[in-house]
Amino acid sequence: MKEKEQKILDASLKLFVERGFHGTSTAEIAKTAGVATGTLFHYFKTKEELINRLYLYTKESMLCEISEHYDDKKTFKENIKELWLKFVRFGVNNPYKFQFILTFHCSPYITSLTKEQVESHAESMLGIYKNGIGKQKIKEISFEMVMDYFWGNVVTVVTHFEKYPEKLNEKNLDIAFDLLWDGISK
């Protein structure tokens, strides 16, 4: 990715999170990024194209950071906990990216093609965790329900530690994970 394109993405991330899609003009994005408005339109033909590219960028950033292979030497619970911790740490360490993903996941400006691109990558990465479902380590519910429950827990935990950063420690992370595990395990 070119330096100017990265500056545009970084500036738009902050502005879209703080002001929303309609509250952010392309002129503000260009000014914040330190580029000419024409340069912005060189990389992104429309504001809608920019927000879709930003959505792909933030989701791919998250997936790259949490990407890990399932370790057959560990228990299913240990593997799930490692994955969960990576999601939580991503949210805590990347608040703008995390908030952008939450805010714009259901946005009408994010095209179904963009969502499909990201979700296919996520599903192939997380598909290995279907292993635990197949081996009946967790309750008999759909994979999609487990992933939604998992994600909801991650969002709750990240939000909690944003409000109470002094409480972010291993003991409280263990307690938060146990809440998730107790909800899905047999």
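Located above this text is the structure these notes cover.
These remarks concern the structure in this document. Just so it is clear, the model here is predicted, and its values are computed rather than measured.

## Considerations on the packing of aromatic side chains
- Under the definition given, this model contains ten aromatic pairs.
- Between Phe21 and Tyr109, the ring centres sit 3.9 Å apart and the planes meet at 20°, which makes this aromatic pair stacked. Here Phe21, found in the loop between helix H1 (3-19) and helix H2 (26-33), pairs with Tyr109, found in the loop between helix H6 (95-104) and helix H7 (112-126); they are 88 residues apart in sequence, far enough to count as distant.
- Looking at Phe21, the relative accessible area reads 8%, which means it is buried.
- With relative accessibility at 25%, the residue Tyr109 sits in the partly exposed group.
- Chaining the aromatic ring pairs together yields one cluster made of Phe16, Phe21, Phe100, Phe104 and Tyr109.
- Sitting above the plane of the Phe21 ring, Lys47 keeps its charged end 4.4 Å from the centroid.
- Sitting over the face of the ring of Tyr164, Lys167 holds its NZ or CZ atom 4.7 Å from the ring centroid.

## Things to note about the nonpolar core
- Trp84, Phe87, Val88, Phe150, Val154 and Trp181 are the most contacted members of the largest nonpolar core, which has 33 residues in total.
- Among the elements of the structure, helix H4 (47-66), helix H5 (76-93), H6, H7, helix H9 (143-163) and helix H10 (170-184) are those that each provide at least two residues to this core.
- If we ignore the near neighbours within four places in the chain, the residues touching Trp181 are Phe76, Lys77, Ile80 and Ile138.
- By size, the runner-up hydrophobic cluster in this structure holds 22 residues, among which are Leu15, Phe44, Tyr57 and Phe104.

## Description of the packing of H9 against H10
- Between H9 and H10, whose axes approach to 11 Å, the crossing angle comes to 155°. On the basis of the axis angle, H9 is roughly antiparallel to H10. Crossing of H9 against H10: the hand is right-handed. The residues of H10 that touch H9, namely those facing Tyr149, Phe150, Asn153, Val157 and Phe161, are Asn172, Leu173, Ala176, Leu179, Leu180, Gly183 and Ile184.
- Residues of the contact of H9 with H10, tallied by class, amount to nine nonpolar, three polar and no charged.

## Details of the environment of Leu50
- Of note, Leu50 is situated in helix H4.
- With a relative accessible area of 0%, Leu50 lands in the buried category.
- Filtering out sequence-adjacent residues up to four positions away, Leu50 remains in contact with Ile8, Leu9, Ser12, Phe16, Ile29 and Phe44.

## Quick word on the side chain of Asn153
- Mapped onto the fold, Asn153 is located in helix H9.
- A residue is classified by how much of its surface remains accessible, and Asn153, at 13% relative accessible area, is buried.
- Those residues within four positions of Asn153 in sequence are excluded, and the remaining contacts are Trp84, Ala176 and Leu180.

## Concerning the pattern of salt bridges
- This model, assessed by the stated rule, comprises six salt bridges.
- Measuring nitrogen to oxygen at the nearest pair gives 2.1 Å for the salt bridge that ties Lys74 to Glu82.
- Owing to a relative accessible area of 29%, Lys74 belongs among the partly exposed residues under this scheme.
- Residue Asp174 pairs with Lys81 through a salt bridge whose shortest N-O separation is 2.5 Å. On the criterion of sequence distance, the pair formed by Asp174 in helix H10 and Lys81 in helix H5 is long-range, its members being 93 residues apart.
- Looking at Lys81, the relative accessible area reads 22%, which means it is partly exposed.

How each quantity is defined
Residues numbered from 1 in each chain as written. Predicted model: local features only at pLDDT ≥ 70, side-chain atom pairs only at ≥ 80, totals over all residues. Heavy atoms only, no water. Phe/Tyr/Trp six-rings, centres within 6.5 Å; stacked < 30°, edge-to-face > 60°. Helix = DSSP H or I, 4+ residues; strand = E, 2+ residues; numbered from the N terminus. Buried < 20%, exposed > 50% of the residue type's maximum accessible area, 1.4 Å probe, protein only. Lys NZ or Arg CZ within 6 Å of the ring centre and 35° of its normal. Core = buried A, V, L, I, M, F, W, Y, C linked by side-chain atoms within 4.5 Å. Contact = heavy atoms within 4.5 Å. Axes fitted to C-alpha atoms, helices over the stretch in contact; angles between N-to-C directions. Parallel < 35°, antiparallel > 145°, perpendicular 65-115°, else oblique. Left-handed = near helix turned anticlockwise from the far one by under 90°. Nonpolar A, V, L, I, M, F, W, Y, C, P; charged D, E, K, R; others polar. Salt bridge = Lys/Arg side-chain N within 4 Å of Asp/Glu carboxyl O.

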